[in-house]
Structures are given as structure tokens and as C-alpha cells.
Amino acid sequence: MSKSLVIVESPAKAKTIKRYLGSDYEVLASYGHVRDLLPKEGAVDTENGFTMHYQLIDRNSKHVDAIVKALRQADHLLLATDPDREGEAISWHLLEILRQKRGLMKDKSVGRVVFHEVTKKAIREAVDNPRQLSYELVNAQQARRALDYLVGFNLSPLLWKKIRRGLSAGRVQSPALRMIVEREEEIEGFVTREFWTIEADVSSRGENFAARLTHLDGVKLDKFAINDSEHAEQVEQRLLAAAAGKLTVTKVEKKQQRRNPAPPFTTSTLQQEASRKLGFNAQRTMRTAQQLYEGIDIGGETTGLITYMRTDSVNLSDEAVAELRRYIAQNFGETSLPEAARIYKTKSKNAQEAHEAVRPTSAFRPPNSLEDHLSKDQWRLYELIWKRTLACQMIHATLNTVAVDLIAAEGDSFRATGSVMVDPGFMALYQEGSDQKKEEDGGDNDRLLPPLIQGERVDLLKLRPEQHFTEPPPRFSEASLVKTLEEFGIGRPSTYASIISTLQTREYVEMENRRFIPTDVGRIVNKFLTNHFTRYVDYDFTAKLEDELDAVSRGEEDWLPLLEKFWRPFQQLVIEKEESVSRKEVTEEALAESCPQCGQPLVTKLGKRGRFVACTGYPECSYTRNIDGEAQRSEPEVVEGRNCPECESPLYIREGKYGKFIGCSAYPKCRHIESLEQPADTAITCPQCGKGTILRRKSRSGKIFFSCSTYPKCDYAIWNEPLAGPCPNCQWPILTIKTTKRKGTEKVCPQKECGFAEPYERSEQTNDE
């Protein structure tokens, strides 16, 4: 029987698929991309039809050699890389390399194999039905790579000349940076406004509820109708006098409301929800999803647990829907099923409906059955995907809502709202998260109201004027940034994680409380690009370019005219800005104040540690200060009463990339450094060396950890707070206190192989002491 060689991207997937296909198939991995553009100018020859010059990626050359060797013994080549544009391009690149090997491809058939889940049935069906390579998808990926190269290799050197070395600009990353900077500028320019609401505490037959003033003197109140305490107090006194301790019910409006489940996950909605509910960043989500897709050993059987995780489709196969409905009927009852299966349609015109949403490969693998076989991250993400997918085929939730209008006097009206869940439907299993705060609309729709009838007089217990202030829009989280990028059509699902990673790696943005804040460098790069390359960081232009690339992948547009149309005006603009824009113009900004030492104008400049204020009279005048107004020291501050423990030189308070620290004045001869914030001693003896004690320290990123006081002689370190006393299982000298959402606070043995854990109350520590 003839032998077939199957090529996939990852070794984990290769191992799983090999078990499914048997001895007539050899399965090898390409380990991702096998070749890329030459990393130098001219890799895309813009003068000769945008010819692209590729080279083999060094780290993968040994894997290509293994593929060549195995192919000599095979009759058929099956290219089974990922089922997207990038996977198609990897198959094409590999085939091009193999065709260059003399005689290697003679009399060998080639097929492209596509599957969206790593299960035995899906693999067998795909292998039995290979297709030809799609050159539309290959060309779309080549066009995307060429555009990214042309932008990066021309804009990045310009940034080095005009700002500083090591910076980069990207076709998609730059508009994303613009979003973050513009949001920060919007927050900084936001003017807070005061407003007041009048709340009424009301009681009917002993049941209390609240209502909010909506009309005064027959006029509907807008948000800022009452804008200071004096006016609020006047309204309060007038209403108290008019009401005389009673409000009258004038209208009771009852409605039944339905809430439908959210569609199954796409790549972007999975990243958003994992960020909201699990605290995962985009890279962590995609890494974990890749593991679930490629195959997990679940007790003697290795199988993929979810479908392909790079997708913008919300479609579910008929077979998957039938299985979901069967599971729901068996485990939640027939009443939890809608009469007909729910069908979701993707809004994106380029979404491929042949692809599926991210879903479990089998509904009959509930999360609790897999807990022993998955890591913590894998289990949590799988549970999220499984619940969302099941919920999308369950019956709607039904709520009874009620709105009640009450008056103190004619024209002075209050409103109370409430709801009661009649049938939770899908909400019994899953509710979608949100980045938005609830609006202050005066009603709490989740509360219950007592039975009320029109004309009833109820007791007014109290009026409460409440002060509020408008708030600026929130900074972007990973979830809200991904959502906004998708709404604008910037980038594609598979690129969001790398966009965010690049912005952080280049130090254009920082994370604070899981929100993005642009750095000084990020602001200046954005200012330069927005002022001088306005078109290329424009949201609509970027989205239109993405649409054109999508059109290439559908075979509706040729890729070479697309590159030509982009390149010529872009090249001309780069040449023009290189000559006409000075470094000073980009990195300096004039201030409306004079130098206190010499009277010349002050400007902000960009230094190694960010922006600072300096005199334009430099070098004759050396005045500088920090942006916050604190004068910069010409000499470091000396630490009083202490010398370096290693060389006895004075110690200085210095400032570096991560803030202030204590360092030796003899640097670089002596490299002693220590934290400005001294670690706290827990007085618990180190279990590893038995000599030092465990100190509570803070990492560069601000995360708390615990380590031995004798470091570096002893390198013992743990993340969780130590607890004196031996482990009852293995007698390790200490335990730790660990808190998780799933299990709460526990006493846990820090030795992984031990596994001891039991519930812990903080009061125990107090009692022990």
C-alpha cells in the first residue's frame, strides 16, 4: 500500500493525528513558518513587480530536512497546516522549498487537507477529501506580508532618525497606538461636571423600595437639571412640603422581557470574555486555546477538545447543533430547548461560514469530567467555551419587569423600576460579561418591588439628595481594545494578540490595573505619525485596506495592483518627511513659561526615562526639571548613615527604568543595588537553608513574592504568603496561604509533589499567634 506524508504545524498536533491515521501515514511538523522575507532592504523588490525574496528560517531548517528525508519514502504529500490564510501560505512555502529539491517531487501527488477540529472523525474525513492549494489565500497572505514589510522597513528607520533608535511602526499597530493615546488625551481633557439626583425611600405595607425624581413642575429632568447642593436642598424641601409624608401611585406598567443568549465565540469575543472573566491577556488565551485545539490526553485517548480557535465565524455545524440540543435535553430538560435550533449569522462579510465558531468538539465532555486531565488555565478556558456554546442553544431568559410612577404633587413625579426572573433559561448556565458600567438611570432593574396598584397612597420615609460627578471614558482594557479594533475593522482575529504584545514590547504602552496607559515614547511616536503620516494611521484607511486584502483572499481583487496603489504615494511621503521634519520638531514641545534661571523659553524634551522640562538656552543654561514640577538633581541624593555593604562606598538614590532604587556610588566598579522599599521580615525560617528568614519583597513589575534573606546564597522563593508550621503530609517546614476564586483561601504545601491543601480562615493565624 502507498505511503502518505502529512505535514502539520505543531509537533503536539502531529503526535495526535499520527495515532488517528495509523502506519500508512507519517505525520511531521513544520514548527510554524518555514521561510520568511530576507531581513534587509530590498526583500520586496518594488521596481520589479514586487518580487518577494525569501529565505529558509534557520531554526526550522532541521525540520525541513526531516520532511525532505521522509518525503523520499512517500508517494503522497498531504499539507495539513492550519485552515486559514497563514496556514495556506505555510503550505505553499513548504511546497516551493520541496519543488526546488531535484527529483524530490517526481511522481508524487500533492493535496491540501483542511480540518477545523482534531478528532478522529474530522481527520479521517479531511484526509479522504484533499483539495488543491488556494492561491487566492496565498496571495492575500503575501500581500499582507509585503505591506507590513514596506511599512516597517521604511517607517521604522525614520523613527530612529527623528526620535530615537529601537522604535518601530506598523500598518496595524500604529492605529491601535493612536486609539490608546487619543483615549488618554480625552481623559486628560475631560472636565468633570457635578449633578444631583433626588431619591425617595418609600414603603408600602411594610415593604420598602426606592424611587428617583424624574419630573419637576411638569418638566422632565435632564442629567444636569439639578447641579449644586443649594438647588438640591431647595427641591428637597419643596417636595417634602408638597408630599406631606405620602406619594400617590399614578401608573403601574408591567411587561415581560426576553433576553437571548450571546452567540458562540469567535476569536475576538473569546479574547474579550477571557479577559473579563478569567483575567487572561490575549496571548495567554490564544496559547491555552491552541493547546486545547491540538489535543490533550484525557485518560488513554488524545483528542482535540475545541475547534480551531482563529475564526471570525459564529456558525455551528448541523451535527454540532444536534449534539448540543441532545445534551441540553438530557441534562437540563426539554423545557430548556427552544422549539427550533438557534442560527447565528456572522456580520463580517469576509467571515467564512465553512469555518465554525470556537466550540467544544463534543458537548458530552462537560468540564467536570476533564478536571483531572487539564491544567488550571486549560480547564478554566475550556469551561468558558463549553458553557458559552451550550448556552447559545438554550431557551431565552424570561423576566417580568415593572415600572411605577408616583407623584408628590401634580407635575412632581418619581419612578421606581424592578424585575423578577420568571425563567432563567440560558442564564442558569452562563451570562456574558461587560466592560461597561451600569448607567445611573434611577432604576435598579434587578430589585423586586412590592405589589402596587394605581391610586394607592404610600409612605414617604425620606428624601435623599445625592451628589454625582460625570466621569471620563475608561482607559482601554485588553477586552475593550480588541472589541474596538474589531468594530473599526482594524486587524484580524489572529493578529490582535501580536498587536498588543508589540505595543508593550516596544514600551509604547504600560498596563496599570489591567488598563493601557501610553508612555511618553508612545505619545511622541503617535504624534509624529498622526501629524506626518495621517492617512496611514487613519482608522477608515486601515480598515479599507483590510477589506481589500480580504477581497484578494476571495479572488475578487489582484494583489499586485493593490501593492502598487499603496506603495508609490507612501514612498514619496517617507522621502519628503525625511528631508523636511527635524528631530527637534518631533521630540520638543514649547511651553508657555520661561526659565527661572535665565529667562529663556522652556520646552519639553524626550530623555532616556521619558519627558522632562529643559531650557532652550542649553548648554549655556542647564536648568531641567521633571514634568511634575520637581527640579532634577545635578547630583544623586546620598543615603544618610549607610555605606555599600560590598565596598563601603557611599550609597546613592538613583532613578532607573523601573523607578527609584539604591545603588553604589562606585558603579560600574561595584554593582550593588537594592530596593528603595525595604522588604518586610516574616520571621519565618527559610525551609531550604535553615539560616535566613523569609522576606516579603516586591518584583520590578510590582508583584509581591517571598524569598530567603540570604539571597543569592540561598535562592528559595515562593509567590504565596508563608505560614509557620510543618506540612502534615510531607513534613516540609512551612505551608503557604493560597486564595483562588474556585477554592477560596487554603493552606497549601509549597512542594508541588505533595498536594496537601485544606480550607483556611485568617482568624487561625491570629489564634496561632
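As the structure is a prediction and not an experimental result, all values here were calculated from the model. (Residues numbered from 1 in each chain as written. Predicted model: local features only at pLDDT ≥ 70, side-chain atom pairs only at ≥ 80, totals over all residues. Heavy atoms only, no water.)

On to the overall build of the chain, then. The helix and strand tally for the chain stands at 18 helices and 35 strands. Oriented by its inertia axes, the alpha-carbon framework of the chain measures out at about 100 × 85 × 70 Å. The buried share of the chain, reckoned over its 769 residues, is 49%. Sequence separation of at least 24 residues holds for 64% of the intrachain contacts in the chain that already meet a minimum separation of 6. When the accessible surface of the chain is summed, it comes to about 39900 Å², and 47% of that surface belongs to carbon and sulfur atoms. Positive and negative side-chain charges of the chain, numbering 109 and 113 respectively, have mean locations separated by a distance of 4 Å. (Helix = DSSP H or I, 4+ residues; strand = E, 2+ residues; numbered from the N terminus. Buried < 20%, exposed > 50% of the residue type's maximum accessible area, 1.4 Å probe, protein only. Contact = heavy atoms within 4.5 Å. Areas by Shrake-Rupley, 256 points an atom, 1.4 Å probe, with all protein chains shown as cover. Lys, Arg positive; Asp, Glu negative; His and termini not counted. Charge placed at Lys NZ, Arg CZ, Asp CG, Glu CD.)

For the coordinates displayed, the defined rule picks out 44 salt bridges. A salt bridge links R171 to D148; the nearest nitrogen and oxygen atoms lie 2.8 Å apart. Of the two residues, R171 sits in the loop between α5 (135-162) and α6 (173-188) while D148 sits in helix α5, which places them 23 residues apart along the sequence. Classification of R171 by relative accessible area gives buried; the value is 7%. Overall, the relative accessible area of 32% leaves D148 in the partly exposed class. With a closest N to O distance of 2.8 Å, D217 and R238 form a salt bridge. (Salt bridge = Lys/Arg side-chain N within 4 Å of Asp/Glu carboxyl O.)

Right, let's get into the sheet that holds strand β2 (residues 25-29). Across the sheet, which stays open at both edges, the four strands sit in the order β2-β1-β7-β8 with parallel pairing between neighbours. Each end of this open sheet is capped by a strand with a single partner; those strands are β2 and β8 (109-112). Adjacent strand axes in the sheet meet at a mean angle of 20° when their direction is disregarded. Looking at chain direction, strand β7 (residues 76-79) and β8 are connected through four bridges and run parallel. The residue of β8 that forms the bridge with H76 is S109. Against the sheet, helix α1 (residues 11-21) contacts β1 (4-8) and β2, and its axis sits at roughly 170° relative to β2. This element, helix α3 (residues 85-99), spans β1, β7 and β8 of the sheet and lies at about 150° to β7. (Pairing = 2+ DSSP bridges. Axes fitted to C-alpha atoms, helices over the stretch in contact; angles between N-to-C directions.)

Once that is clear, we can look at the sheet that holds strand β33 (residues 734-740). One open sheet holds the four strands; their spatial order is β32-β33-β34-β35, and the pairing between them is antiparallel. On the outer flanks of this sheet lie β32 (721-724) and β35 (757-759), each paired with one strand and no other. Within this sheet the neighbouring strands show an average axis-to-axis angle of 35°, counted without direction. Bridging between strand β34 (residues 744-748) and β35 involves three bridges; their strand directions are antiparallel. Across the sheet, K747 pairs through a bridge with E758, a residue of β35.

So, about the packing of α6 against helix α13 (residues 496-505). As a packed pair, α6 and α13 sit with axes 10 Å apart at the nearest point and diverge in direction by 70°. With respect to α13, the axis of α6 lies roughly perpendicular. Of the two possible hands of crossing, α6 and α13 adopt the one that is right-handed. Within the contact between the two elements, α6 uses Q173, A176, L177 and I180 and α13 uses I499, T502 and L503. Looking at side-chain class alone, the contact of α6 with α13 contains five nonpolar, two polar and no charged residues. (Parallel < 35°, antiparallel > 145°, perpendicular 65-115°, else oblique. Left-handed = near helix turned anticlockwise from the far one by under 90°. Nonpolar A, V, L, I, M, F, W, Y, C, P; charged D, E, K, R; others polar.)

The next thing to look at is the nonpolar core. Side chains of nonpolar character tend, in soluble globular proteins, to be buried together. Counting residues in each nonpolar core, the largest one holds 145 residues, and the members touching the most others are L381 and F533. When residues of this core are assigned to their parent elements, the largest contribution, eleven residues, is made by α5. Ranked by size, the runner-up nonpolar core spans 26 residues in total, among them A211, L213, A232 and A416. (Core = buried A, V, L, I, M, F, W, Y, C linked by side-chain atoms within 4.5 Å.)

Moving on to the state of the cysteines. The final tally for this structure, using the stated rule, is zero disulfides. There is no disulfide at C621, and the cysteine sulfur nearest it, in C595, is 3.7 Å away. Using a relative accessible area of 7% as the deciding quantity, one classes C621 as buried. (Disulfide = S-S within 2.5 Å.)

Okay, the confidence of the model for the chain next. In the predicted model, the chain carries a mean pLDDT of 89, and the fraction of residues at 70 or more is 94%. Element-level pLDDT for the chain is lowest in helix α18 (residues 762-768), with a mean of 46, against a maximum mean of 96 in helix α11 (residues 376-391). Contacts from residues 438-443, a stretch scored under 50 in pLDDT, to residues over four places away or in other chains number nine contacts. (pLDDT = per-residue confidence, 0-100.)

The pairing of β1 with β7 spans four bridges and is parallel. Pairing of L5 across the sheet is with L77, part of β7. Remark: the β7/α3/β8 crossover connection has right-handed handedness. (Right-handed = clockwise from strand over helix to strand, strands pointing away.)

Moving on to α1. All of the buried residues in α1 are K13, A14, T16, I17, Y20 and L21. Across the axial projection of α1, the buried residues extend over an arc of 170°, all falling on one side. Buried residues along α1 sit in contact with β1, β2, α4 (120-128), α9 (282-294) and β14 (302-303). Taken from the residues just after α1, G22 is the one with a positive phi, measuring 85°. (Arc of directions from axis to C-beta.)

On to the environment of L324. Checked against the element boundaries, L324 lands in helix α10 (residues 318-332). Placed 38 residues apart in sequence, L324 and S362 show a C-alpha to C-alpha distance of 8.2 Å. If we skip the residues at most four places from it in the chain, L324 touches L316, A363, T389, L390 and Q393.

How two aromatic rings sit relative to each other is given by the distance of their centres and the angle of their planes. Enumeration over the complete set of coordinates arrives at 17 aromatic pairs. Between Y327 and W386 the ring centres are 5.6 Å apart and the planes differ by 85°, which places this aromatic pair in the edge-to-face class. Here the residue Y327 occupies a position in helix α10, and W386 occupies one in helix α11, the gap between them amounting to 59 residues. The same class applies to Y327 and to W386, which are both buried. Each ring, one from Y716 and one from W732, has its centre 6.3 Å from the other, and the planes form 40°; the classification is tilted. Here Y716 is found in the loop between β30 (704-708) and β31 (717-718), whereas its partner W732 is found in the loop between β32 and β33, with 16 residues between them in sequence. Each member of the pair, Y716 as well as W732, carries the same accessibility label: buried. What links up through ring pairs into an aromatic cluster is the set F528, F533, Y536, F541, F566, W567 and F570. The ring of F476 carries R183 above its face, with NZ or CZ at 4.2 Å from the centroid. (Phe/Tyr/Trp six-rings, centres within 6.5 Å; stacked < 30°, edge-to-face > 60°. Lys NZ or Arg CZ within 6 Å of the ring centre and 35° of its normal.)

Here the bond from Y667 into P668 is cis, since omega is 10°, no more than 30 degrees from zero. In the segment running from Y711 into P712, the intervening peptide bond is cis, with an omega of 10°. Summarising the element assignment, P712 is placed in the loop between β30 and β31. A positive phi is found at F50, a non-glycine position, where the angle reads about 55°.

The next thing to look at is the environment of T505. With respect to the secondary-structure elements, T505 resides in helix α13. By relative accessible area, T505 is classed as exposed at 60%.

This paragraph deals with α13. Looking at α13, one finds that the buried residues are Y496, A497, I499, I500 and L503. Within α13, the buried residues cover an arc of 165° as seen down the axis, which keeps them to one side. In this fold, the buried residues of α13 make contact with α6, α8 (267-278), α9, α12 (478-488), β18 (509-512) and β19 (515-518). In the stretch just after α13, E507 is the one whose phi turns positive, near 60°.

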